[in-house]
Amino acid sequence: ENNFELRACSSSLSTFCNMSSEDVYTDLIGFLQSERADLRMAASEAVLDVTDRDAMSSLIKYGAIKPLCRLASRSNEPSGINALQALVHLSSHGTNINQCIEDILDCGGINRMTEIALTPGEDEAWRKRVNYALALLANMTRTERGSIELCGFTMPDEAVPISNIEEIIEEEEKAKLPSKPTMALLTAMFLSDGYSRESNANEEEEEKGEEREVVDDEHAIEKIAASSDDPFQHFAAVLMNATQVEQGRRFVMKIHYKDKKTKGSSILERILPEMRSNNPIRRRGIAGTAKNCCFDKDSAWWLINEICIVQHILYPLAGPEELDLDDKRGMDPDLWLEGPDKVREPDNVARLLLVEAILLLCASGRRSREPIRVQRAYVILKMMDLSEESEEISERISDCVQFLRRDEDGTDEGSSDRMMYGSVSVNGKMLALPAPSASEQVGGKDEDYDGVD
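Since this is a predicted model, take the numbers as computed values, not measurements.

## Observations concerning the overall build of the protein chain
1) Next: Along the protein chain, the regular secondary structure elements total 26 helices and four strands.
2) Next: Relative to its 453 residues, the protein chain shows a buried fraction of 50%.
3) Next: Considering only contacts in the protein chain between residues 6 or more positions apart, those separated by 24 or more positions represent 73%.
4) Next: Summed over its atoms, the accessible surface of the protein chain is roughly 22,400 Å², and 46% of this surface lies on carbon and sulfur atoms.

Structure (C-alpha cells):
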C-alpha cells in the first residue's frame, strides 16, 4: 500500500504542471499531510516547482495553505524549509496574494513565524528557516490585519516625550505594559552583528581596504533576499509594514528611559544607521520605516530636532558631485566629506521612500521646513535630480523643491533663499562650515518653536 501511495505521488507530480484536474490538488494536499517524511518532502518540492500564476491561485483555492503552515512548523526535516519557501512564494506572486495572506493569518501565521525567528540556532538550516520566516512575516504585515496582529492592541500610548519624565518612569515601573516583547527581541537580533555573515565579510573588506560591491539590480536584490547570509534582514520590511499603523509607529518612536538622569532613546534612533548598511533589503526597509514615521505630524519637531532624521535621510541621497563653498555652508559634513568616493543610494525603491520622507516633513509645517532649508536639503535634492533616471522620483523631488524654495506666508520675497544661504545655526547650535578661516565668525539666535503651524 505504501509503495502504491508513493507511485501515486510520483504520477501526480509528473502531471502536476498541467493542473487540469482537481484530484491532483487533493492528492497533493494529502501528501503534504502524510505521516511519511519522503512523501511530505516530495509534495513540498512539487509545490516549489509551481511557477504558473493560475496554478498558484489554484493551490490557494483548494486549501494548500493550511497543510503548508503545519509542515512549516517541522524544524527537524528539510520539508519544513520547503514549506516556508513555498509560503513566501505564494504570498509574494500570483493573482491571489491577499487570499493567501488571509489564509496564513487564519492559521496563526504571525505567532508561528515569530516563534521560528526567535528559536535559538546557528546551523545553515536554522538560518534558512529564520530568513524565510521573517520574509513571510513581512508579507503578512503588508495588510492592516497582519500589522495589527504583530504589534498588538496594547502598544504604549506615547510616541514622543512628555514633559514629566519622572512620572513616566514611575508609571512604567508600576504598569509594565504588555507591549509584545517579541518585537523588542526581534529588533535586538536584527541589530546584532553576530548573525550576519555579510557584516563580518564587510569588516574584513574594510580592513583590507577593498571597496564594497554596489547592488542596484532587482534580480541581484532578489538573490540577496533569498540568501541566508543575513537571516534577520527581512525584519527591516517587517518594521516598515508595522509602522503603517499607529501601534507600529508608537513602538519605534516610544522613548525609553533607563533612569531619571539619562536621556531617553527610541528604537527609531537605533535603526536609522541601517540606512548605511551594505544590504539593500535592510536599507529599503528602514527607509520605508522612516517615511512612515514622518506621517505623524505631531512628531515632526522631535524627528527633525531631537533625532536629526533629516541628516540620516540625506546621507543616502548625497552623491559624488563637487559642491561649492556656499552650498556646503550649514550642511552636515558627512554629506560632502567623502567627495568623489561618495556613492548615492543605488536602489530606486529606497531613494523614492527617502525623498517621500523629506516631502512629508516639508508638508508638516513651516517650523519643519525652516531647519530642513538650513540643513541644505535643497542642494542635495538638486544634485540628485541632475542624475535621476526615475521619472517618479524626479516628480517627488520637484514637490520637495516647491516647498523649500517658496516664500512662507507673511514673509518678504526671497526669505526662503536667505534662510538657506544665510543661516548657519539652528536652535542656537552651530552648524559645521567647510574649511573655515581663523578669522571667520558665525552666530545665530534661538528659534521659537512655540505655536507651530
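Additional details are given in the paragraphs that follow.
## Quick look at the packing of helix 9 (residues 124-140) against helix 15 (residues 235-242)
Each pair of packed helices can be summarised by the angle the axes make with each other and by the distance between the axes.
1) Next: One way to put it is that helix 9 packs onto helix 15 with a least axis distance of 8 Å and a crossing angle of 20°. Here helix 9 is positioned roughly parallel relative to helix 15, judged by the angle of their axes. Judged by the sense of rotation from one axis to the other, the crossing of helix 9 with helix 15 is left-handed. Listed contacts from helix 15 to Leu134, Leu137 and Ala138 of helix 9 are Phe235, Ala237, Val238 and Asn241.
2) Next: For the contact of helix 9 with helix 15, a count of residues per class yields six nonpolar, one polar and no charged.

## Describing the packing of aromatic side chains
1) Next: This model, assessed by the stated rule, comprises five aromatic pairs.
2) Next: The interplanar angle of 40° and the centroid separation of 5.9 Å between the aromatic rings of Trp126 and Tyr195 together place this pair among those described as tilted. One end of the pair, Trp126, is in helix 9; the other, Tyr195, is in the loop between helix 12 (181-191) and helix 13 (197-208), and 69 residues separate them in sequence.
3) Next: On the basis of relative accessibility, which here comes to 9%, the residue Trp126 falls in the buried class.
4) Next: Taken together through their ring pairs, the aromatic side chains of Trp126, Tyr195 and Phe232 make up a single cluster.

## Quick notes on the pattern of salt bridges
1) Next: All told, the structure shown has 22 salt bridges when counted by the stated rule.
2) Next: Taking the shortest distance from any N to any O, the salt bridge between Glu77 and Arg74 comes out at 3.6 Å.
3) Next: Take Arg74: its relative accessible area is 34%, and that puts it in the partly exposed class.
4) Next: Between Arg145 and Glu149 there is a salt bridge, with the nearest N and O atoms lying 3.0 Å from each other. With a gap of four residues between them, Arg145 and Glu149 both fall in helix 10 (residues 144-151), about one helical turn apart.
5) Next: Classification of Arg145 as partly exposed rests on a relative accessible area of 29%.
6) Next: One salt-bridge network, in which partners are shared between bridges, spans Glu102, Asp106, Arg145 and Glu149.

## Observations regarding helix 25 (residues 391-405)
1) Next: Given a rise of 1.5 Å per residue, 15 residues ought to cover 21 Å, and the 21 Å separating the end C-alpha atoms of helix 25 matches this to within 8%.
2) Next: Taken together, the buried positions of helix 25 are Ile393, Ser394, Ile397, Cys400, Val401, Phe403 and Leu404.

## Things to note about the confidence of the model for the protein chain
1) Next: With 75% of its residues at a pLDDT of 70 or more, the protein chain has an overall mean of 81.
2) Next: In the predicted structure, residues 6-19 sits below a pLDDT of 50 and forms 22 contacts with residues beyond four places in sequence or in another chain.
3) Next: In this model residues 424-453 is a low-confidence stretch, pLDDT under 50, and it forms 54 contacts with partners more than four residues away in sequence or in other chains.

## Digging into unusual backbone geometry
Across residues other than glycine, the phi torsion is negative in most instances, and most of the peptide bonds are trans.
1) Next: With phi around 55°, Cys308 is a residue other than glycine that occupies positive phi space.
2) Next: Although it is not a glycine, Arg376 adopts a positive phi angle of roughly 65°.
3) Next: Mapped onto the elements, Arg376 comes out in the loop between helix 23 (366-374) and helix 24 (377-387).

## Some words on the nonpolar core
1) Next: Grouped together as the largest cluster of nonpolar side chains are 114 residues, with contacts concentrated most on Leu68, Met140, Leu268, Leu303, Ile309, Ile313 and Leu361.
2) Next: Counting residues per element, this core draws most heavily on helix 9, at 10 residues.
3) Next: Contact partners of Ile309, with chain neighbours within four places excluded, come to Leu272, Ala290, Cys294, Leu303, Ile304 and Leu361.

## Structural notes on the side chain of Ser364
1) Next: Position of Ser364 among the secondary structure elements: in the loop between helix 22 (348-363) and helix 23.
2) Next: At 2.8 Å, the side chain of Ser364 and the side chain of Ser368 are in polar contact.

## Description of the environment of Leu404
1) Next: Here Leu404 shows up in helix 25.
2) Next: By relative accessible area, Leu404 is classed as buried at 0%.
3) Next: In this structure the C-alpha to C-alpha distance between Leu404 and Cys362, which are 42 residues apart in sequence, comes to 7.5 Å.

## Examining the packing of helix 3 (residues 37-48) against helix 6 (residues 78-90)
1) Next: Where helix 3 meets helix 6, the axes come as close as 9 Å, and the angle between the chain directions of the two elements is 25°. By the criterion of interaxial angle, the relationship of helix 3 to helix 6 is roughly parallel. With respect to the hand of their crossing, helix 3 and helix 6 are arranged in left-handed fashion. Facing Arg40, Met41, Ser44, Glu45, Val47 and Leu48 of helix 3, the residues of helix 6 in contact are Pro78, Ser79, Asn82, Gln85 and Ala86.
2) Next: Of the residues contributing to the contact of helix 3 with helix 6, the split by class is five nonpolar, four polar and two charged.

## Remarks on helix 3
1) Next: The end-to-end C-alpha separation of helix 3 is 17 Å, in line with the 16 Å expected for 12 residues at 1.5 Å each.
2) Next: Considered for burial, the residues of helix 3 that qualify are Leu39, Arg40, Ala42, Ala43, Ser44, Ala46 and Val47.

## Description of the side chain of His234
1) Next: Within the secondary structure, His234 sits in the loop between helix 14 (218-226) and helix 15.
2) Next: At a separation of 2.8 Å, a polar atom in the side chain of His234 contacts the main-chain carbonyl oxygen of Ala225.
3) Next: Setting aside residues no more than four positions away along its own chain, His234 makes contact with Asn131, Leu134, Ala135, Ala138, Ala225 and Ile281.

## Some details on the environment of Ile221
1) Next: When you line up the elements, Ile221 lands in helix 14.
2) Next: Classification of Ile221 as buried rests on a relative accessible area of 2%.
3) Next: C-alpha of Ile221 to C-alpha of Asp347: the two residues are 126 residues apart in sequence and 9.2 Å apart in space.

What counts and what doesn't
Residues numbered from 1 in each chain as written. Predicted model: local features only at pLDDT ≥ 70, side-chain atom pairs only at ≥ 80, totals over all residues. Heavy atoms only, no water. Helix = DSSP H or I, 4+ residues; strand = E, 2+ residues; numbered from the N terminus. Buried < 20%, exposed > 50% of the residue type's maximum accessible area, 1.4 Å probe, protein only. Contact = heavy atoms within 4.5 Å. Areas by Shrake-Rupley, 256 points an atom, 1.4 Å probe, with all protein chains shown as cover. Axes fitted to C-alpha atoms, helices over the stretch in contact; angles between N-to-C directions. Parallel < 35°, antiparallel > 145°, perpendicular 65-115°, else oblique. Left-handed = near helix turned anticlockwise from the far one by under 90°. Nonpolar A, V, L, I, M, F, W, Y, C, P; charged D, E, K, R; others polar. Phe/Tyr/Trp six-rings, centres within 6.5 Å; stacked < 30°, edge-to-face > 60°. Salt bridge = Lys/Arg side-chain N within 4 Å of Asp/Glu carboxyl O. Expected span 1.5 Å × (residues − 1). pLDDT = per-residue confidence, 0-100. Core = buried A, V, L, I, M, F, W, Y, C linked by side-chain atoms within 4.5 Å. Polar contact = N/O pair within 3.5 Å; in protein donor to acceptor, adjacent residues only side chain to side chain.

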